[in-house]
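Read off the chains here:
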Amino acid sequence: MSAMAMPRAYAGHRLRCVLVFLCALCWASSSVRFVAGQAGQLSVDASPQTARKMPDKMFGIFFEEINHAGAGGLWAELVSNRGFEAGGPNTPSNIDPWFIIGNESSIIVGTDRTSCFERNPVALRMEVLCGSKGTNVCPSGGVGVYNPGYWGMNVERRKGYKVSLHIRSSDAVSLTVSLTSSDGLHKLASRTITGGKKQFADWTKIQFRLYSSQNNTNSRLQITTSKTGVVWLDQVSVMPSDTYMGHGFRKDLASMLANLKPQFLKFPGGNYAMGNYLRNAFHWGETVGPWEERPGHVNDAWGYWTDDGLGFFEFLQLAEDLGASPVWVVNDGASINEEVPTAIIASLVKDVVDGIEFARGGVNTTWGSVRAAMGHPQPFKLDYVSIGNQECWMLYYRGNYRKFYSAIKAAYPDINIISSCDKSTISASNPADLYDVHVYASSANMFSRTSMFDNTPRSGPKAIVSEYAVTGNDAGKGTLVAALAEAAFLVGLEKNSDVVEMASCAPLFVNDNDRKWSPDAIVFNSWQHYGCPNYWMLHFFKDSSGATFHPTTMQISNYDQMVASAITWQSPKDKSTYLKIKVVNFGSKAVDLNITVTGLGSGIKSSGSKKTVLTSAAPLDENSFQQPEKVAPVSSPVADAKEQMGVSVSPYSLTSFDLLLEPSKHSTI
């Protein structure tokens, strides 16, 4: 998220509360006071002379580590604080969310700095005071520690879970590793690790798979023993065997992204990339290599620890798996509260160039060899680098930017560099290939921004609108009206796609247990997920990238709540070509719309077309775990489709008409 878009605390007095309540009540009751319909005319000019090819990467996605989007979300690791580093380098430290099984008479648990991993030296030390016999007998089931994961682990019957942990002991070992119910009373799967004193005298890595006997959405991992002695544990991991493309991403959430057909993936975030302080920024070099050797860091921008299992390599891999172009947001020496002067920025500049070498370098280069050792000898196709996160206003940004720009272009002249400054500041002395725009607004304001780029100069660098979202009272946790306002904004971007190259919404994900920011496109917990109305809205635009844009004209008397766009696109499945007409009705009136299409190189087939509508009973309707598709697209066939036809457009709706074209004469540009 943008540093300039932090949510403000609500501080209204009673009168404001009453006004907000009355406003919300008016919205909520609007489903029973829709205004009677009226007529309108929509003209589509599909002639080749006025057609324009839209950018190939017009619509994509922006991932930020916010709301536990990655740690405990898209990244499928089930163990939270798997390396015991979250409590900080000083020991003994807080091991949250790990907890002790037993009490101080049977076990003493703490941390020390005896790990075998240089960059994350903290390990867990368990001193077991009880035993299987004698005067101090361990309780039934033994003593030890458990980890509840991120608000419960979702364990599925017959699914495999890869367990990995490092063990050291001063005595013989007998440890039972189990997946259990949240109270530990019911075992779902377990394995006992045994070995003599010599076997575990040094750190030893143990790996195996557990298969659960039943489903449990609120499970935990526990490690127990009834053997007296001292045992050290480190880097304890539980990963589902079945992940998206086998690369560690939670399958259901990654599939939600793939279904949007994103053409780019911007990562790792805005404020997350910066950090409140530079020590907690995203340092790419500390997030690559073996996962056990990554130190992790505090995500101080959004208030939680991340072990960086979802690191630079994984973001590049995700982009490749989705067929999207990676767009890397680099730290340019600025955090929310700190800034590195231009005179001493050289080491950070070199670090970014090294990061590009990691992504693109050959296997014989210094950093390319690290990538190859991680299992990806072929370079990633990294073509976009964004310098910073909307901090053009900061003292050293422009001087630092020029240093980054010059060094990156010298080493990789083909890379597109994105500036955080607006278009008016870009010149020969302050060059950029693209400039970044963030738009956060109320629904009414967002709807009005359909014309935001209408008067932008048509020469010079294009915009990437990498963060846009409706915020405010009527945004809720993701309302229909917010999605419609964003749809109208995207219609405006399509119309201005000669000066807007790319666009993505923000934020993408929210764990329902950690809502730092609302609304979001996709909501999840340990085992469920659903798309908010704005997620389903994005499906109406997933065929626009690389499509052919056609001008439209809307004529409706005394009603300015409708916008429309038209494209022709080709289905990758059967190569059929469609004319897609999208209509956003942001108001309370139903509209009888007469659509006229001129200039087609071939006709519209009378059958094979469809109409898709996103609407609901009330503008403030939201989806939920209980009603995940309360607001979702509904498709139906279009009977007797033709160049001129009358259609009805519902109040508060987004409607698309995909009209199947005759194959023989249609031409695109």
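Just above, that's the structure.
Please read these numbers as outputs of a predicted model, since none were measured by experiment.

**Student:** Before we go on, may I ask you to explain the pairing of strand E23 (residues 500-503) in this structure?
**Tutor:** A regular strand places its side chains so that they alternate between the two faces of the sheet. Bridge count for strand E22 (residues 462-470) against E23 is three bridges, and the pairing is parallel. Of the residues in E23, the one forming a bridge with Ile 464 is Met 502. Viewed along the sheet, the connection from E22 through helix H9 (residues 480-495) into E23 turns out right-handed.

**Student:** Is there a simple way to think about helix H2 (residues 251-258) in this case?
**Tutor:** Every α-helix winds through 3.6 residues per turn, so residues three or four apart in the chain are directed the same way. Of the residues making up H2, those classed as buried are Leu 253, Ala 254, Met 256 and Leu 257. The buried residues of H2 occupy an angular sector of 150° when the element is viewed end-on, so they sit on one face.

**Student:** Even after reading the chapter, I still don't get the packing of aromatic side chains, so can you show me in this structure?
**Tutor:** A ring pair, where both rings are aromatic, is described by two values, the distance of the centres and the angle of the planes. Counting across every chain of the model gives 27 aromatic pairs. Ring centres 6.0 Å apart and planes at 50° place the aromatic pair Phe 99 and Tyr 146 in the tilted group. Here the residue Phe 99 occupies a position in strand E4 (residues 99-101), and Tyr 146 occupies one in strand E7 (residues 143-147), the gap between them amounting to 47 residues. The class for Tyr 146 is buried, based on a relative accessible area of 19%. One residue, Lys 582, lies across the ring of Phe 541, its end atom 4.7 Å from the ring centre.

**Student:** Explain the nonpolar core here, please?
**Tutor:** A general tendency of soluble globular proteins is for nonpolar side chains to be buried together. Counting residues in hydrophobic clusters, the biggest one holds 124 residues, and the most contacted among them are Trp 328, Val 465, Tyr 468, Phe 509 and Met 537. Examining the composition of this core, we find that 12 residues originate from one element, H9, more than from any other. Counting residues in hydrophobic clusters, the runner-up holds 38 residues, among them Val 122, Val 163, Ile 206 and Ile 223.

**Student:** Help me understand empty space enclosed by the protein, please; the structure alone is not making it clear to me.
**Tutor:** A probe as big as a water molecule, rolled over the atoms, marks out the empty space that is left. Enumeration according to the criterion identifies six cavities of 30 Å³ or more in this entry. In this structure, the largest cavity spans a volume of roughly 90 Å³. Taken together, Phe 59, Gly 60, Ile 61, Leu 260, Pro 262, Tyr 468, Ala 503, Ser 504, Cys 505, Leu 538, Phe 541 and Lys 542 make up the full set of residues lining the largest cavity. Here the lining of the largest cavity is built from residues that sort into nine nonpolar, two polar and one charged.

**Student:** Quick question: what am I supposed to make of the pattern of salt bridges here?
**Tutor:** Two side chains with opposite charge may pair up if their charged atoms get near one another. As enumerated under the stated definition, the model contains 27 salt bridges in all. Of the charged contacts, one joins Arg 125 and Glu 127 as a salt bridge, the two residues approaching to 3.3 Å between their closest N and O atoms. Here Arg 125 falls in the partly exposed class, since its relative accessible area comes to 28%. On the basis of relative accessibility, which here comes to 26%, the residue Glu 127 falls in the partly exposed class. Between Glu 314 and Arg 294 there is a salt bridge whose closest N-O contact spans 3.0 Å. In this pair, Glu 314 is assigned in helix H4 (residues 312-322) and Arg 294 in the loop between helix H3 (271-274) and strand E16 (297-299), connecting sequence segments 20 residues apart. Judged by relative accessible area, Arg 294 falls into the buried class, the value being 4%. Each member of the salt-bridge network shares a partner with another, and the members are Lys 261, Asp 543, Lys 580 and Asp 658.

**Student:** It is not clear to me how the side chain of Arg 82 should be interpreted in this structure. Could you clarify?
**Tutor:** Relative to the elements of secondary structure, Arg 82 occurs in the loop between strand E3 (61-62) and E4. At 3.3 Å, the side chain of Arg 82 and the side chain of Asp 307 are in polar contact.

**Student:** Just to check I follow, could you spell out the state of the cysteines for this structure?
**Tutor:** In a disulfide, the sulfur atoms of two cysteines are covalently bonded to one another. On inspection of all chains with the given rule, the structure shows two disulfides. Between the sulfur atoms of Cys 130 and its disulfide partner Cys 138 the distance amounts to 2.0 Å. Its torsion about the S-S bond being 90°, the disulfide of Cys 130 and Cys 138 is classed as right-handed. Between the sulfur atoms of Cys 392 and its disulfide mate Cys 421 the distance is 1.9 Å. In this structure the cystine formed by Cys 392 and Cys 421 twists about its S-S bond by roughly 90°; its chirality is therefore right-handed. Within this pair, whereas Cys 392 is found in the loop between strand E19 (384-387) and helix H7 (397-411), its partner Cys 421 is found in the loop between strand E20 (416-419) and strand E21 (434-441), the two being separated by 29 residues in sequence. A relative accessible area of 16% places Cys 392 in the buried class. Should the bonded cysteines of the protein be numbered as they appear in the sequence, the pairing reads 1-2, 3-4.

**Student:** Any chance you could explain the environment of Pro 379 here in plain terms?
**Tutor:** Relative to the helices and strands, Pro 379 resides in the loop between helix H6 (366-373) and E19. Judged by relative accessible area, Pro 379 falls into the partly exposed class, the value being 38%. Apart from residues lying up to four places away in sequence, Pro 379 is in contact with Ala 359, Arg 360, Gly 361 and Arg 371.

**Student:** Would you mind showing me how to read the packing of helix H5 (residues 346-360) against H6 here?
**Tutor:** The relative placement of two packed helices is expressed as an angle between their axes plus a distance between the axes. It is at 7 Å that the axes of H5 and H6 come closest, and there the two elements cross at 45°. Taken together, the axis directions place H5 and H6 in an arrangement best described as oblique. The way H5 lies across H6 gives a crossing that is right-handed. Together, Asp 354, Glu 357, Phe 358, Ala 359 and Arg 360 of H5 and Thr 366, Trp 367, Gly 368, Val 370 and Arg 371 of H6 make up the contact between the two elements.

Cut-offs applied
Residues numbered from 1 in each chain as written. Predicted model: local features only at pLDDT ≥ 70, side-chain atom pairs only at ≥ 80, totals over all residues. Heavy atoms only, no water. Pairing = 2+ DSSP bridges. Helix = DSSP H or I, 4+ residues; strand = E, 2+ residues; numbered from the N terminus. Right-handed = clockwise from strand over helix to strand, strands pointing away. Buried < 20%, exposed > 50% of the residue type's maximum accessible area, 1.4 Å probe, protein only. Arc of directions from axis to C-beta. Phe/Tyr/Trp six-rings, centres within 6.5 Å; stacked < 30°, edge-to-face > 60°. Lys NZ or Arg CZ within 6 Å of the ring centre and 35° of its normal. Core = buried A, V, L, I, M, F, W, Y, C linked by side-chain atoms within 4.5 Å. 1 Å grid on protein atoms, 1.4 Å probe; cavity = no way out; pocket = protein on both sides within 12 Å on 5 of 7 lines; lining within 4 Å. Points joined across faces, edges and corners; volume = space filled by probe spheres on them. Nonpolar A, V, L, I, M, F, W, Y, C, P; charged D, E, K, R; others polar. Salt bridge = Lys/Arg side-chain N within 4 Å of Asp/Glu carboxyl O. Polar contact = N/O pair within 3.5 Å; in protein donor to acceptor, adjacent residues only side chain to side chain. Disulfide = S-S within 2.5 Å. Contact = heavy atoms within 4.5 Å. Axes fitted to C-alpha atoms, helices over the stretch in contact; angles between N-to-C directions. Parallel < 35°, antiparallel > 145°, perpendicular 65-115°, else oblique. Left-handed = near helix turned anticlockwise from the far one by under 90°.

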